[in-house]
Each structure stands twice: as structure tokens, then as C-alpha cells.
Amino acid sequence: MTATTATAPAGSAGARPLTSRVSPLDGLKQSATLAWRTVVQVRHNPWELSDFSIQPIMFVLLFTFVFGGAIQGDWRAYLEFVVPGMFVMNMLFVTMYVAQGLNTDLTKGVFDRLRSLPIARWSPLAGRIAADQVKQIWSIFLVALTGVVLGFRPDAGWLGLLWATLLLLGFALAFSWVSVLIGLTAKDPERVQIFGFTFLFPITFVSNVFVPAESIQIGWLRWFIEHNPVSVLSDAVRGMIHGGPVMTPTITSLIWAAVITLIFAPLSVRTFKRKV
Amino acid sequence: MDHAIWAEGLVKHFGETKALNGVDLSVRTGTVLGLLGPNGAGKTTAVRILATLLRPDAGRAVVGGFDVQREAHQVRQLVGLTGQYASVDEQLTGTENLLLIGRLLGMSRSAARARAKQLLNQFELSDAAGRAAKTYSGGMRRRLDLAASLVGEPPLLYLDEPTTGLDPRARNELWELIRGLVAGGTTVLLTTQYLEEADELADEIVVIDHGKVIATGTPDELKAKTGAQTLAVRPADPAELQVVVSVVGELAAATPDVQGGLVTAQIGDPQVLPAVVRRLDDAGVVVTELALRTSSLNEVFLSLTGRGVEEEDVQDEPADQAVQTEGSRA
């Protein structure tokens, strides 16, 4: 018995010449198509859209008006402090959609369908992460809009806000690898949510997103908050938006982003290869 | 002979589970091979290896002339995959799902749109084209699944349990569609737990169990080999059970099975029935039940392996069982 080439049967368009590999350009196109798919999913799923649209607005309103007065005596002053922190918090929460979507694809069998196609192996991941960046921009826009409506003004000018956005997107890119690992490891999408929030809530709330680190009276806790990468990133974003020290927190943030990527990208890729 | 799929000595273990334990397969171009077996037999694992989704621990497989491991990209260009494990996106509409595949296959926007429209028409999904796939019925879902695997007009099609969980009407509709594709020249690898399905569609059947091939042949050969029909006899007086067993055992091809006063045996020749009646009459045995029925998958397995598959495994939990055993690679 010999294995001979199967010629495409008559009447089929399968006679097109076969390629032996995916060109990087095609890989990018495929990633863009898969990112498009994720954006279309959101359009069909108003629940998800409202989830990451209402949440940023709600948090800004909640913290400004309910806690703002108690934390800083004046909600207007607190608004200026908390909006940059909100950018950071929402960025972290939005990265969890990568885990959610990835896990849903894996458990529902969509991933097998994609992998059976002659597409670049990395394009499903790249597509997810690219779509996540669209969600990030939307979420940043909503926080900024809500803030501006309430009276928030970037003291360092709008260009500062643009720089902050770029830094946030870069950090989101790095943090997406954590999300990818969670998405690949969790047994089902519900567990992604539980895992994501038990991990994200402590690192976001035990930071200077909502309160200045100086207000913490317990020494070790204050030390932790000052060195928490979430605080460092918030410092950088605050500096860019309102002026103040920018260089040190920005460089430290970028180092953190690099460290997170160096740890989690290989872990995720290894899990990805083993899993699929 | 021109083989579209050819595999030799495929082995795949998931921890302790030996999903495949040395499987040989070959499918001639333009024919349908039915891979028949109970849940957990290794059917899905075999399909996943042949679709380049899984690497075998040992063995070799060639699809369309390309090695599934070294030339996976070429294989992917030849194969369309449909099954419980290769699904459409529930949140996208029918059109969007097909558009997505078309674009991923490198079609232009307009070509992908035209192809999607054509497939939706062909599969009678035009009315539901703009609705999210999660609103589809089971039969519509499978039709969309099948359409999605056909976007690139692949010369080879893998159907992994395409009708499991469908009602008889939807099953018949899907069979018709598959027959149409085969008539168009597509080579099909079909896995199923239903003997009837393999019988309806396959040119050749490979029966696997516990990761091993236990029988190969055309449906007719297999029936002849396993006994196409089952004879069931129940004596009025349980004391005469032994007489019935010896009469049936003498005339039937296989050793009879006794369960709660009912004697059953595989028979290859329908002439056995009148012969059994005559012999029992001569012996003065009164029977309350006498029947000749088509063998169930269970009985085919019984005669092939000497043991049955649990009925509930085959009929009641089509998907879950397989997910646990074959999907435990995660």
C-alpha cells in the first residue's frame, strides 16, 4: 500500500496550488480577521459591551461622589486624583477579556476549527490581543469622557493624556500574557472570571489607584503599595496627565511590563503548544 | 490504488489512557470510510491526528500525499473538519461564521461573501443567515458546521460524529447533504457510533475499540462477518432453556447468549429461523417469543469483541463521555 498524492476531485476548486508555509503578511491579515471577529462578537453581545462600558463610568462616579469626599475632603480634588488611577484599573480588568474569549474558544471547539485551517499558528492569539487593544482604547475613552464631563482636566495638557494612553496600551499588551495563561489553564469561562478577579482585585485595591500611599499607616503595607507595579504605573500615568515626576515611574513601569512579558509569554506559549 | 488518507501504527496515550494503540487506516480517494466505535474508542483522537490537531506518540500518517506532522500546513489546505470538537462561533451569525473562514482562507471580501451566500443557500440556512448561531436548532447548527468546513472546497472532509444528538429527520437531511458531497468527488472520513449511519454512508468501515482496529470491511462484509441479524427465542417453560440453547447454538454461527430466560444469537443466514422453529417443534418446546431483528451496534460489538458496550454509553450520553475520555488531553 502506498500513499499517493490525492489530486483534487473534478468539479472542486481545491486545485489551487498548495503553499508550504504562511507568510508573515498573511499571518497579520489572519490576525486582523480574527480581531474583527472579536469586535463583531461584542456588537452581537450587548451584555459584554455594557459590561466594559458601564463599569468604567460607574467606578468613576462611585469613587468620586461616594468615597471622594471622605478620602480627600473634596470630590473635585479627588476626581483629579482618581481618574488616572481608573485608567490603570480598567486597563487591568479589560485584559481579562482575552482570557474569557480564549477559554470560550477552547471549551466550545472554535479553537479546533481555527487550528484545522491553514493559518499562522500564532494568529488566533494575536487576533485576540489586538481586539483587546480596541476594547482598551474604548475603555480609556469612556473613563476620560466621564471624567471630563465631571470636571476633570489634564493639567499637563492633552498630549500628556495621549502619552498616558500609549503607556497603558503597552502595559496592557504585557499583561495580556497573564490573561492568556489564565485563559489557557482555566477549566471553563466562569472560572476565568473567578480566578481573574481573585487575582486582580487585591493587586488593584492594594495600590495607590484609590488612595495615596502616604495615607497608609502600616509600614509593610505601605511598602507593598509603593512597590506594587499597579501603583508604579499609576504614578507614571498621573505624572503624564497632571505633571510631576514622570521619568522614574515610567521606566519602572516599562521594566515591570518587560518582566511580566518575559515570565508569562514563554509560559503561555508553552502551555499553548501543549494544550493545542 | 490511490489513497487520500493513509495511516500506519498510530499510537496516542493521554497519561494512563491509551486512546490509540496502533491503528492502521486507509481511505481511497473519492470514497467514504466509516470509523465505527463506541465512545472513548479513539475515533476522535484518530481524526484529530489526521487533521494535524494532535501529534501521534508513534506511527505515521499521510493525507493527500503530505505527512501530517512534517507537512501539516499542506494537509490543512486539503482537509475540512466538522465535528463536536470543531465548532462554529455561537455569537456570530451564520453569514459571519462563513465569512470569517473565507477571509482566513485568503479569499477577498466579495469572494468570501459570495461563497457564504452560496453555501447558506445550499444548506437551506438563508432564512437564518443573519441570526446568531446560538439561536439555531441542533440540525441547523450541524449544517452550518458542515458549511463552514466546506468554504474552501476541500477535497477531503472529516466528519466527526456529524449526527450525534440529532433527531431522525435532521439526521436524514444531513445524510443527504453528505451523499451529495460524495457524489461531487469529495473523500470523506466519517466517525460514528451508529452502525446504521456507517451502513448508509460508508463504502468501507473500520471498527475500533480501545484504540485498536478490531474489524475492517465493506458494510456487507462486516455484516456477514458479525451476523447481520439477531435471533431471539424465549421458551414458555424456563426448564427448557437448555434445549433452546443447544438447538440455537447448533444452527447459529455464534454461541448463544442467555439473559433472563431469553436466548439470543447472531445469525448470518435468515434460513436459520425456520430451521430453529422446526427443530424446536420436533423437540416439543413451546416458545412465547420468537424474533429476528437487525443487530444493534452492541451485538456487533459482542460478536467482534466477545463483550458488549454499555447501551447507555452509546445512546444516552453521546458527547460527555467522549469529552471525558478523549478530551482529557487538556
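Residues numbered from 1 in each chain as written. Chains lettered and ligands numbered in written order. Predicted model: local features only at pLDDT ≥ 70, side-chain atom pairs only at ≥ 80, totals over all residues.

S.K.: Let's hear about the overall build of chain A: which residues, and what values?
M.R.: In terms of helices and strands, chain A carries ten helices and zero strands. From first element to last, N terminus to C terminus, chain A shows the α and β order α-α-α-α-α-α-α-α-α-α. For the C-alpha atoms alone, the extent of chain A along its principal axes is close to 85 × 35 × 35 Å. Looking at the 276 residues of chain A, the share that counts as buried comes to 45%. Intrachain contacts of chain A at a sequence separation of at least 6 include 76% that bridge at least 24 residues. (Helix = DSSP H or I, 4+ residues; strand = E, 2+ residues; numbered from the N terminus. Buried ≥ 20, exposed ≤ 12 C-beta atoms within 10 Å, placed from the backbone. Contact = placed C-beta atoms within 7 Å.)

S.K.: Run through the overall build of chain B, naming residues and quoting values.
M.R.: Tallying secondary structure elements over chain B gives 13 helices and 14 strands in all. Taking all 330 residues of chain B together, 50% fall into the buried category. For chain B, the proportion of contacts with a sequence separation of at least 24, taken over those separated by at least 6, is 68%.

S.K.: Before we move on, could you go through unusual backbone geometry and cite the residues and values that matter?
M.R.: Residues and elements named next belong to chain B. For Glu 153, which is not glycine, the phi torsion reads 45 degrees and is therefore positive. When you line up the elements, Glu 153 lands in the loop between helix 5 (138–150) and strand 7 (156–160). For Glu 153, a count of 19 C-beta atoms within 10 Å corresponds to the partly exposed category.

S.K.: Kindly report on the packing of helix 2 (residues 46–72) of chain A against helix 3 (residues 75–108) of chain A, identifying the contributing residues and their values.
M.R.: All names here are of chain A. At a minimum axis distance of 9 Å, the contact between helix 2 and helix 3 shows a crossing angle of 145 degrees. As for the relative orientation of helix 2 and helix 3, their crossing is right-handed in sense. Only Trp 75, Ala 77, Tyr 78, Leu 79, Phe 81, Val 82, Val 83, Met 86, Asn 90 and Val 94 of helix 3 make contact with helix 2, whose side of the interface consists of Phe 52, Pro 56, Phe 59, Val 60, Phe 63, Thr 64, Phe 65, Gly 68, Gly 69, Ile 71 and Gln 72. Taken together, the residues of the contact of helix 2 with helix 3 sort by class into 16 nonpolar, five polar and no charged. (Axes fitted to C-alpha atoms, helices over the stretch in contact; angles between N-to-C directions. Left-handed = near helix turned anticlockwise from the far one by under 90°. Nonpolar A, V, L, I, M, F, W, Y, C, P; charged D, E, K, R; others polar.)

S.K.: Mind laying out the interface of chain B and chain A, listing which residues take part and the relevant values?
M.R.: With 45 residues of chain B in contact, the opposing surface of chain A contributes 35 residues. Elements that contribute at least two residues to the side of chain B that touches chain A include exactly strand 1 (3–14), helix 2 (72–78), strand 6 (79–83) and helix 3 (94–104) of chain B. Taken together, the residues of the side of chain B that touches chain A break down into 21 nonpolar, 17 polar and seven charged.

S.K.: Please set out the sheet that holds strand 3 (residues 32–36) of chain B residue by residue, giving values where relevant.
M.R.: Residue and element names in this part refer to chain B. In space, the six strands of this open sheet follow the order 6-7-8-3-9-10, with mixed pairing throughout. Because the sheet does not close on itself, it has two edges, and the strands there are strand 6 and strand 10 (212–217). Put simply, the sheet's adjacent strands are angled 15 degrees from each other on average, direction ignored. With four bridges connecting them, strand 3 and strand 9 (residues 204–209) associate as parallel partners. Across the sheet, Gly 34 pairs through a bridge with Ile 205, a residue of strand 9. Across the sheet, helix 1 (residues 43–50) lies against strand 3, strand 6, strand 7, strand 8 (187–192) and strand 9, angled at about 150 degrees from strand 8, the strand it touches most. (Pairing = 2+ DSSP bridges.)

S.K.: So, the nonpolar core: which residues are in play, and what are the values?
M.R.: Among the nonpolar cores identified, the biggest contains 88 residues, and Phe 87, Val 88, Leu 168 and Val 237 of chain A together with Leu 98 and Ala 147 of chain B are the most heavily contacted of them. Broken down by element, this core gets its largest block of residues, 19 residues, from helix 3 of chain A. Contacts of Phe 87 of chain A, omitting those with residues within four sequence positions, involve Ile 140, Val 143, Ala 164, Leu 168 and Val 237 of chain A. One finds Leu 20, Val 27, Val 47 and Val 79 of chain B within the second-largest nonpolar core, a separate group that totals 51 residues. (Core = buried A, V, L, I, M, F, W, Y, C linked by C-beta atoms within 7 Å.)

S.K.: Explain the confidence of the model for chain B to me, using residue names and the numbers behind them.
M.R.: Residue and element names in this part refer to chain B. When pLDDT is averaged along chain B, the result is 84; 86% of the residues meet or exceed 70. Ranking the helices and strands of chain B by mean pLDDT puts helix 3 first, with 96, and helix 13 (residues 320–326) last, with 36. This model gives residues 309–330 a pLDDT under 50, and the stretch forms 35 contacts once residues within four places in sequence are excluded. Interface confidence for the predicted complex, given as ipTM, is 0.82, next to a pTM of 0.78. (pLDDT = per-residue confidence, 0-100.)

S.K.: Go over helix 3 of chain B with me, naming the residues and quoting the values.
M.R.: Counting buried residues in helix 3 of chain B gives eleven out of eleven residues, a clear majority hidden from the surface. Elements in contact with the buried residues of helix 3 of chain B: helix 1 (24–44) of chain A together with helix 4 (109–122) and helix 5 of chain B. Phi turns positive one or two residues past the end of helix 3 of chain B, at Gly 106 of chain B, with a value near 90 degrees.

S.K.: Explain the sheet that holds strand 5 (residues 66–67) of chain B to me, using residue names and the numbers behind them.
M.R.: Residue and element names in this part refer to chain B. If you walk across this open sheet you meet the four strands as 2-1-4-5, and the pairing is antiparallel. The two strands at the open ends of the sheet, each matched to only one other strand, are strand 2 (17–28) and strand 5. Relative to strand 5, strand 4 (residues 58–63) is paired through two bridges, and the arrangement is antiparallel. Across the sheet, Val 62 pairs through a bridge with Asp 67, a residue of strand 5.

S.K.: Explain the pairing of strand 7 of chain B residue by residue, including any values.
M.R.: Residue and element names in this part refer to chain B. The buried fraction of strand 7 amounts to five of the five residues, a majority that puts the element mostly inside the structure. Where burial is concerned, the two faces of strand 7 agree: the one with Leu 156, Tyr 158 and Asp 160 and the one with Leu 157 and Leu 159 are both buried. The pairing of strand 6 with strand 7 spans five bridges and is classified as parallel. Residue pairing in the sheet places Gly 83 in a bridge with Asp 160 of strand 7.

S.K.: Lay out the confidence of the model for chain A in plain terms, naming residues and giving numbers.
M.R.: Where the model shows low pLDDT, its predicted coordinates should not be examined in detail. A residue-level look at chain A finds 94% of positions with pLDDT of 70 or above and a mean pLDDT of 87. Contacts from residues 1–14 of chain A, a stretch scored under 50 in pLDDT, to residues over four places away or in other chains number 38 contacts.

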